[in-house]
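Below, each chain spelled out in residue letters.
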Amino acid sequence: MIKKKLLSIIVPCYNEEQSLPYFYKEINKVLKSLKNIKYELIFVDDGSKDNTLRILKKYNKESKNNKYISFSRNFGKEAAMLAGLEHAKGDLVTIMDADLQDPPLLIPEMIKIITEEDYDIVGTRRVNRKGEPKIRSFLSRKFYRIINKMSKIEMVDGARDFRLMKRKVVDAILSLKEYNRYSKGIFSFVGFKTKWLEFENTKRIAGESKWSFWKLFKYAIEGIVGFSTFPLVLSALIGLLFCLLSFIMILIIIIKTIIFGDPVSGWPSTICIIFFIGGIQLFVMGIIGEYLAKIYLETKNRPIYIISESNNLIEEKEENNEKK
Ligand code: UDP
Ligand code: MG
């Protein structure tokens, strides 16, 4: 008899009491249809303030395959995904949003591809951004263009975190121990043979998106700082350009004074130049500061998340104790 493969499905949840019942129903429909596959659903409650944890506990009572990890506070989706990956035991692992924006119906196809074809990852991309504010789509498209120019690692526009991975890919992802985790970059960084499936964007089933404009902006900066040092090169280039410019200006002033005996005047222009240069200097310092802040956080070596309760871990501990 062939050993059944274990599929781990990681679901980060932050205040998802409204979407979870829909998601649970849909995913179970799909899971029932899968043959020769065992599964575990790992819900990661990212410090929700609503009834999410209570719902997850209810699911856990219904089946041992439904596991949960609950954080002591909101640590962000990146942390939730990491906790899921660290605790997943599957031969195949996937990450899904709880709002049904990642269609569970794709899972059977993804499993088929990964088992029958020569791929290590089956990723998903949105081909459009329907139902999203126009300005948000525009800015994210620009972001991908910029980051792909700056970084050696290619980030795929529209790629979702929803992806099916073989064990070796998960182990590779976990071997990157950085504190500032930017999954889109980490996923690209580890490489492996990837097949992309495309699907149309849908609106979330219930509840609200947790992303504000400001959060997205910070996330974009995080990505750039995390996966490119180009802004630092740019700072140096700006510095060089200004040195050159000032050298030319000094020459002009000296020549003007010697040949035409024209004392340089102009308080307003001086103030403008001081402001301009001052601005550029602060801007460049800000860029350096961003990198410095990342180093600072990295050296502190703080945990990326803190678990307040979970069934998964308790079970494992019991298993370990029994072995002893
Ligand atoms: N999420 C999370 N922690 C957060 C924010 C979001 O675990 O701090 C989860 C959320 O519950 C959902 C997924 O990440 O399952 C995607 O979030 P959302 O739908 O708000 O993002 P969008 O689809 O709008 O990009
Ligand atoms: Mg969503």
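Before reading further, recall that the structure is shown in the block above.
Read on for a plain summary of the structure. All chains use their own residue numbering, which begins from 1 and follows the written sequence. Here chains are named by letter from A upward and ligands by number from 1 upward, in the order in which they appear as written. Where totals are concerned, whole chains, interfaces and linings use all residues; where local detail is concerned, this predicted model gives features only for residues with pLDDT of at least 70, and gives and counts side-chain atom pairs only at 80 or more. The basis for every side-chain value is the complete set of heavy atoms in the structure, and neither hydrogens nor water enter the calculation.

### Examining the site of ligand 1
What counts is decided by this rule: Proximity is defined per residue: if any heavy atom of the residue lies within 4 Å of a molecule or strand, that residue is considered near it. Nitrogen and oxygen atoms within 3.5 Å of one another constitute a polar contact, given that in protein one can donate a hydrogen and the other can accept it, and given that sequence-neighbouring residues count only through two side-chain atoms. All accessible-area figures derive from a Shrake-Rupley calculation using a 1.4 Å probe, and residue coverage is judged against the displayed protein chains alone.
In the vicinity of ligand 1, 17 residues are found, and the nearest of them are Glu16, Asp46, Gln101, Arg204 and Lys210. In the model, an oxygen atom of ligand 1 is placed 2.6 Å from a nitrogen or oxygen of the Glu16 side chain. Take Asn74: an N or O atom from its side chain is 3.2 Å from an oxygen atom of ligand 1. Protein burial of ligand 1: of its 530 Å² of free accessible surface, 92% is covered by the chains.

### A look at the side chain of Ser235
Stated precisely, the cut-off is as follows: Counting from the N terminus, the helices are the DSSP runs of H or I reaching at least four residues and the strands are the DSSP runs of E reaching at least two. The contact definition used throughout considers only heavy atoms, calling two residues in contact when any of these lie within 4.5 Å.
Relative to the helices and strands, Ser235 is located in helix H9 (residues 230-260). A polar contact of 2.8 Å, which involves the side chain of Ser235, links it to the backbone oxygen of Pro231. Each residue touching Ser235, except ones within four places of it in the same chain, is listed here: Val284 and Ile287.

### Re the packing of helix H8 (residues 213-227) against helix H10 (residues 267-300)
To keep it simple, the criterion reads: What counts as an axis is a line fitted to C-alpha atoms, over the stretch in contact for a helix, and the angles between N-to-C directions run from 0 to 180 degrees. Note on angle classes: values under 35 degrees are labelled roughly parallel, values over 145 roughly antiparallel, values of 65 to 115 roughly perpendicular, and the remainder oblique. Amino acid classes used here: Ala, Val, Leu, Ile, Met, Phe, Trp, Tyr, Cys and Pro are nonpolar; Asp, Glu, Lys and Arg are charged; the rest, including Gly, are polar.
Between H8 and H10, the least distance of the axes is 10 Å, while the angle of their chain directions is 80 degrees. When the interaxial angle is binned, H8 and H10 end up roughly perpendicular. On H10, the residues touching Ile221, Glu222, Ile224 and Val225 of H8 are Glu290, Tyr291 and Lys294. Classifying every residue of the contact of H8 with H10 gives four nonpolar, no polar and three charged.

### As for the nonpolar core
Our working definition: By nonpolar core is meant a set of buried Ala, Val, Leu, Ile, Met, Phe, Trp, Tyr and Cys residues that side-chain atoms within 4.5 Å join together. Between buried and exposed lies partly exposed: a residue is buried under 20% and exposed over 50% of the maximum accessible area for its type, with that area taken using a 1.4 Å probe on protein chains only.
Of all hydrophobic cores here, the largest spans 37 residues; its most connected members are Val44, Phe71, Leu85, Met165 and Ile173. Taken together, the elements giving at least two residues each to this core come down to strand S2 (37-45), strand S3 (66-71), helix H3 (77-87), strand S4 (92-95), helix H5 (134-150), helix H6 (167-174), helix H7 (183-190) and H8. Considering each element in turn, this core owes the most residues, six residues, to H3. Sequence-distant contacts of Val44, that is, excluding residues within four places in its chain, are made with Ile10, Val11, Pro12, Cys13, Ile69, Phe71, Ala80, Ala83 and Gly84. Judged by nonpolar contacts, the second largest core, of 35 residues, contains Leu20, Leu31, Tyr39 and Phe162.

### Remarks on the coordination of the magnesium ion (ligand 2)
Tetrahedral metal sites with four donors have an ideal angle of 109.5 degrees; octahedral sites with six donors have ideal angles of 90 or 180 degrees. Operational definition: Each metal site lists N, O and S donors within 2.8 Å (3.2 Å for Na, K and Ca). With water left out of the atoms, a site can look as if it is missing ligands.
At 1.9 to 2.0 Å from the magnesium ion (ligand 2) lie its protein donor atoms, namely Asp99 (OD) and Gln101 (OE1). What makes Asp99 buried here is its relative accessible area of 3%. Accessibility expressed as a relative area gives 16% for Gln101, which makes it buried.

### Here we look at the pattern of salt bridges
As a reminder of what qualifies: By convention in these notes, a salt bridge is any Lys or Arg side-chain nitrogen within 4 Å of a carboxyl oxygen on Asp or Glu.
Evaluated as defined, the whole model comprises 16 salt bridges. Between Lys29 and Glu26 there is a salt bridge; the shortest N-O distance is 3.3 Å. Of this pair, Lys29 and Glu26 both sit in helix H1 (residues 20-33), three residues apart, which is roughly one turn of the helix. For Lys57, the salt bridge is made with Glu309, and the minimal N-O distance between the two is 3.1 Å. Of this pair, Lys57 sits in helix H2 (residues 52-62) while Glu309 sits in strand S8 (residues 307-310), and the two are 252 residues apart along the sequence. Taken together, the salt bridges that share partners define one network made up of Lys77, Asp97, Asp102, Arg160 and Asp161.

### Considerations on the packing of H6 against H7
Note the following rule: Each helix crossing is assigned a hand: it is left-handed if the near helix lies turned anticlockwise from the far helix by less than a right angle, otherwise right-handed if that turn is clockwise.
Direction vectors running N to C along H6 and H7 enclose 120 degrees, while the axes themselves pass 10 Å from each other. By the angle class used here, H6 and H7 are oblique. Note on packing geometry: the crossing formed by H6 with H7 is right-handed. Contact with H6, carried on its side by Val169, Ala172 and Ile173, involves Ile186, Phe187 and Val190 of H7 and no other residues of that element.

### So, empty space enclosed by the protein
Empty pockets left among the atoms are what a rolling probe the size of a water molecule brings to light. Applicable threshold: Cavities and pockets were defined on a 1 Å grid built over protein atoms only: a cavity is a set of grid points that admits a 1.4 Å probe from which the probe cannot escape, a pocket is an open set flanked by protein on both sides within 12 Å along at least five of seven lines, and lining residues are those with an atom within 4 Å of any such point. Grid points are joined across faces, edges and corners, and a volume is the space filled by probe spheres set on the points.
Applying the stated criterion across every chain yields a total of one cavity of 30 Å³ or more. Around the largest cavity sit Glu78, Met81, Leu82, Leu85, Ile95, Ile173, Arg181, Ser183, Ile186 and Phe187, which together line it. Going through the elements one at a time, H3 and H7 are the ones with two or more residues in the lining of the largest cavity. By residue class, the composition of the lining of the largest cavity is seven nonpolar, one polar and two charged.

### Digging into H5
Worth spelling out the cut-off: In a helix, the anticipated span is given by 1.5 Å times the number of residues less one. The arc refers to the directions leading from the helix axis to the C-beta atoms.
The end-to-end C-alpha distance of H5 is 25 Å, a good match for the 24 Å that 17 residues give at a rise of 1.5 Å each. Considered for burial, the residues of H5 that qualify are Ser137, Ser140, Phe143, Tyr144 and Ile147. Looking down the long axis of H5, one finds its buried residues gathered within 120 degrees of arc, a one-sided arrangement. With respect to the buried face of H5, the exposed residues turned more than 90 degrees away are Lys134, Ile135, Arg145 and Lys149.

### Comments concerning unusual backbone geometry
Notably, Asn36 is not glycine yet its phi reads approximately 60 degrees, a positive angle. By the element assignment, Asn36 lies in the loop between H1 and S2. Phi is positive for Phe192, close to 75 degrees, though the residue is something other than glycine. Secondary-structure assignment places Phe192 in the loop between H7 and strand S7 (194-199). Judged by its relative accessible area of 33%, Phe192 is partly exposed.

By themselves, these figures tell us nothing about what the structure is for.
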